Structures are given as structure tokens and as C-alpha cells.
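A look at the structure
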Amino acid sequence: RFETLAADRTAYVLDQIHLLQTNPELADMPAETFRQAPDRRTARPVVTALERRWNEMPWSARMKLAQSLANLRALGVANAQYRHDNHDYLPFVGIGPSPRGVPVAGQQLSGWATWTFGGKNCNAFWFTRINGIFDVEAADRPLNRYVYPGFTYTAPPPPQRLPANSPARLNEQAKVYQDPADLVGHQQNWPNANPASGGRPPLSCYDDIGTSYHMNMSWDDQLQSRISNFTARFNEGTRRLAVGQGVDPARFVIYNY
């Protein structure tokens, strides 16, 4: 399970970061000394390049990296749980022909979006954009119940939609999906940056489509020359990911930023 492997590696890095957070005097220690410190947690090999970069970082950057790694670790664990419950499929969800439309067997998809897997509600911009089909509500994003098992996002029963002016779009957060380095998104004006509006700065990915992290859909490009039908290609791609066909789990990146 590549999510578990990634989570284990991230846990190790977080272990090192936690040690530095709780022992600030180690922050300026040379990499070689840090690696040989008489603590069982630092006795394990550490990637030299990571150590060097860490030593060069200001403290604020280290805290941002720690938060980013913690987010990815939580998402990795949630992915592993989701796959266990769903025959090894990843939480990649296609876009149905209508807003909040759940595709059924034999029905053609209208598209895919890199944010359907998890995160908070979209910005109100998406309520009318392309007939609202990409306005994926937090309640419909499958990974959320694994990341936040004790929380239920506000949503009317399908096919009703969350109103554009609903307070839930701003008030109900999903901070695990927010990366500290996420400042400006590009989804509203792809491939250009989101535009500023009403004297406000451009929206970040998180504040725009609910997550700083995006599903890796590069496999769709690789299948286009073999499978022309969009729905068939999406279904075949997600199936291959589930069974590991043509995919090296140790090298496949689930989410991009």
C-alpha cells in the first residue's frame, strides 16, 4: 500500500521535525552532529540533502514544512483507510451530467476535477460556472469522512444544492487540506492565476475549490491515445490504479500541489 509507505516515511520526517521543535538548541547543529546525536530517534539514517536544506531554512519556513508534512501524512492515512473499504480504489470521483449528480452504471461522465476527492466547499464562483457541475460540495467528497470522521458537512439532500450564499461555504473548514504555501490558485482562470476581485487579493486554491492539494490526473493523458471515450478512459484509469497495473506504488504521487 503506497499510502502506508508514504505515511511511514512522512512519520519519520515528522519525528525529526518534532525533535527540533521540542529541542530548539538542535536547530543550528551541523547535519553530521545531528545525525550522530545520542538519541534513538536521530540514530537512524537521514537524507543528507534534506538535512542540508533544513539547516538552511529560517524557523518560519520549518514550521510551514512541518504543517505541510503533517497534512500529507493525514491524507495518506485516510487514503489507506478509504482503499481498504473500497476494493483498493482511490477516492477519485468523476463529474456527473448535472450538479450533485452521482454517475450510475452506464452513464457518461461530463468531466473530472482535481478537487472532487476531499476538502471544504467551493467558493460561490463555482455555483454558476459551467452550470455548476464543478461545484463539488464537501458533503459529497469521499475522503472527508475519513479525515474528519466525527464531522458532518452541511448539505441539502441531493439533487438540491448548497446555495451560493450559504455560510457553510466560508464557515465549515477542512484545514488538513490547506497547505501553508498555498497563496494563489489557478482554477478560475486556468492556466493563469485567479483574478483579484472587489479589492481583494486572488483566492488561494484552498479558498477557491476547497483544497490546496490536487488529484494526480496525469494518467488520463497517458491513456488518451488508447481509449478515446472519456468515461471509459476514466473508469479504466481508476481501475488500473486500484490493481496496480502499469503503476509503481513507490513512485506514484497521489496528490499534487
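A brief report on the enclosed structure follows. (Residues numbered from 1 in each chain as written. Predicted model: local features only at pLDDT ≥ 70, side-chain atom pairs only at ≥ 80, totals over all residues. Heavy atoms only, no water.)

Remarks on the overall build of the protein chain
- Tallying secondary structure elements over the protein chain gives nine helices and four strands in all.
- Walking the protein chain from its N terminus toward its C terminus, one meets helices and strands in the order α-α-α-α-β-β-α-α-α-β-α-α-β.
- Residues classed as buried in the protein chain amount to 44% of the 257 residues present.
- Partitioning the intrachain contacts of the protein chain with sequence separation of at least 6 by distance along the chain shows that 64% fall at a separation of at least 24. (Helix = DSSP H or I, 4+ residues; strand = E, 2+ residues; numbered from the N terminus. Buried < 20%, exposed > 50% of the residue type's maximum accessible area, 1.4 Å probe, protein only. Contact = heavy atoms within 4.5 Å.)

With respect to the environment of Gly-111
- Examined against the element boundaries, Gly-111 turns out to sit in strand β2 (residues 111-112).
- Looking at Gly-111, the relative accessible area reads 6%, which means it is buried.
- When near neighbours in sequence (up to four residues on either side) are disregarded, Gly-111 contacts Gly-94, Ile-95 and Phe-230.

Remarks on the packing of aromatic side chains
- Across all of its chains, the model carries eight aromatic pairs by this definition.
- Measuring from centroid to centroid gives 5.9 Å for Phe-117 and Tyr-177, while their planes differ by 55 degrees, and the two rings are tilted. With a gap of 60 residues between them, Phe-117 in the loop between β2 and α5 (144-147) and Tyr-177 in the loop between α6 (168-171) and α7 (205-209) connect regions that are remote in the sequence.
- Residue class for Phe-117 comes out buried when judged on its relative accessible area of 0%. (Phe/Tyr/Trp six-rings, centres within 6.5 Å; stacked < 30°, edge-to-face > 60°.)

Comments concerning helix α9 (residues 230-243)
- Counted at 1.5 Å a residue, the expected span for α9 with its 14 residues is 20 Å, and the 20 Å between its end C-alpha atoms agrees.
- By the burial criterion, the buried members of α9 are Thr-231, Arg-233, Phe-234, Glu-236, Gly-237, Thr-238, Arg-240, Leu-241 and Ala-242.
- As for α9, its buried residues are in contact with α4 (59-85), β1 (94-95), β2 and α8 (218-223).
- The backbone nitrogen of Thr-231 has a side-chain oxygen 3.1 Å away, supplied by the residue at the start of α9, namely Asn-229.
- One or two positions beyond α9, positive phi appears at Gly-244, with a value near 80 degrees. (Expected span 1.5 Å × (residues − 1). Polar contact = N/O pair within 3.5 Å; in protein donor to acceptor, adjacent residues only side chain to side chain.)

Re the pattern of salt bridges
- Across all of its chains, the model carries seven salt bridges by this definition.
- Where Arg-233 meets Asp-220, a salt bridge forms, and the shortest distance between an N and an O atom there is 2.9 Å. A residue pair is termed long-range when its members are at least 10 positions apart, and Arg-233 in helix α9 and Asp-220 in helix α8 qualify at 13 residues.
- The exposure class assigned to Arg-233 is buried, which follows from its relative accessible area of 7%.
- Take Asp-220: its relative accessible area is 3%, and that puts it in the buried class.
- Overlapping salt bridges, with partners in common, bring together Arg-100, Glu-137 and Asp-140 in one network. (Salt bridge = Lys/Arg side-chain N within 4 Å of Asp/Glu carboxyl O.)

Notes on the side chain of Thr-116
- Mapped onto the elements, Thr-116 comes out in the loop between β2 and α5.
- Thr-116 gets classed as buried once you look at its relative accessible area, which sits at 1%.
- Among the polar contacts listed, one links the side chain of Thr-116 to the backbone oxygen of Val-93, at a separation of 3.0 Å.
- Side-chain polar atoms of Thr-116 contact the backbone oxygen of Ala-113, separated by 3.5 Å.
- If near-sequence neighbours (up to four positions away) are discounted, Thr-116 is found in contact with Val-93, Ile-95, Val-136, Arg-141, Pro-142 and Met-215.

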